[in-house]
Amino acid sequence: QKEVEQDPGPLSVPEGAIVSLNCTYSNSAFQYFMWYRQYSRKGPELLMYTYSSGNKEDGRFTAQVDKSSKYISLFIRDSQPSDSATYLCAMSKAAGNKLTFGGGTRVLVKP
Amino acid sequence: GAGVSQSPRYKVAKRGQDVALRCDPISGHVSLFWYQQALGQGPEFLTYFQNEAQLDKSGLPSDRFFAERPEGSVSTLKIQRTQQEDSAVYLCASRYGVAGTGELFFGEGSRLTVL
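Bear in mind that the values here come from a model prediction, so they are computed numbers and not experimental data.

Draft legend 1. Spatial organisation of the sheet that holds strand β8 (residues 71-76) of chain A. Residues and elements named next belong to chain A. Strand order in the open sheet formed by five strands is β1-β3-β8-β7-β6, with antiparallel pairing between adjacent strands. The two strands at the open ends of the sheet, each matched to only one other strand, are β1 (4-6) and β6 (54-58). In this sheet, neighbouring strand axes are inclined to one another by 15 degrees on average, regardless of whether the strands run parallel or antiparallel. The sheet contact formed by strand β7 (residues 61-66) and β8 spans six bridges and is antiparallel. When the bridges of β8 are listed, Phe-61 appears paired with Ile-76.

Given below as structure tokens:
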């Protein structure tokens, strides 16, 4: 079993809907949690970065971390076709340390 | 350059051939990582450099994989005697600092196909 699990999707939503993504993990040593967006044939780009449990909001994006449940979420409000991509969760045990990624969830936002 | 540059973008190799993949990190970035991303999967850590020092190579899958960063800038990932299971996108990422929450910037990757 992988340390970080993520539903591969695809997740198809109409434009304007809320996209809800999540990951579960097994290693309680993870302290730093990230969400990356990856367009086809491109490298991942950082969307959100959170430390320990709690919520963080940035524009249309909200990241939540529940360390007691080993569960993290990303919500995208007012989704746009340009949000169509693969979303990867990632986590590390220390700041700046190597990242452990989930398998990614492919999201399709239909106009 | 403005971002992390990787070359070649695409490489086709016959099984048993050696390949070399190059990474040009953002100028001044101290930390450099290599990740392997199989089709439909998330990236998996291969190795980490701090300047020219390879501090972690625990993710290299076999002794056929070798990475170097001799002058603390450009890095090369070499795969000897390639196998079909080596087919993947190899991503390079760099960060300005050694530790802390500085953003990790990824290149577009080198897509290796082994026939």
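Draft legend 2. Quick peek at the environment of Gly-97 of chain B. Residue and element names in this part refer to chain B. Secondary-structure assignment places Gly-97 in the loop between β9 (88-95) and β10 (105-106). A relative accessible area of 22% means that Gly-97 is categorised as partly exposed. Sequence separation of Gly-97 and Gln-50 is 47 residues, and the distance between their C-alpha atoms is 9.1 Å.

Draft legend 3. Spatial organisation of the interface of chain B and chain A. Facing 24 residues of chain B, the contacting portion of chain A comprises 19 residues. On inspection of chain B and its partner chain A, the count reaches two salt bridges. For the salt bridge of Asp-56 of chain B with Lys-98 of chain A, the shortest nitrogen-to-oxygen distance reads 3.4 Å. Inspection of the chain B/chain A interface yields eight residue pairs in polar contact (both at pLDDT 80 or more). When residues of the side of chain B that touches chain A are assigned to their parent elements, the largest contribution, three residues, is made by strand β4 (residues 31-37) of chain B. A per-class count over the side of chain B that touches chain A returns 10 nonpolar, eight polar and six charged.

Rules used throughout
- Residues numbered from 1 in each chain as written.
- Chains lettered and ligands numbered in written order.
- Predicted model: local features only at pLDDT ≥ 70, side-chain atom pairs only at ≥ 80, totals over all residues.
- Heavy atoms only, no water.
- Pairing = 2+ DSSP bridges.
- Helix = DSSP H or I, 4+ residues; strand = E, 2+ residues; numbered from the N terminus.
- Axes fitted to C-alpha atoms, helices over the stretch in contact; angles between N-to-C directions.
- Buried < 20%, exposed > 50% of the residue type's maximum accessible area, 1.4 Å probe, protein only.
- Contact = heavy atoms within 4.5 Å.
- Salt bridge = Lys/Arg side-chain N within 4 Å of Asp/Glu carboxyl O.
- Polar contact = N/O pair within 3.5 Å; in protein donor to acceptor, adjacent residues only side chain to side chain.
- Nonpolar A, V, L, I, M, F, W, Y, C, P; charged D, E, K, R; others polar.

Interpretation in functional terms is not warranted from these geometric data alone.
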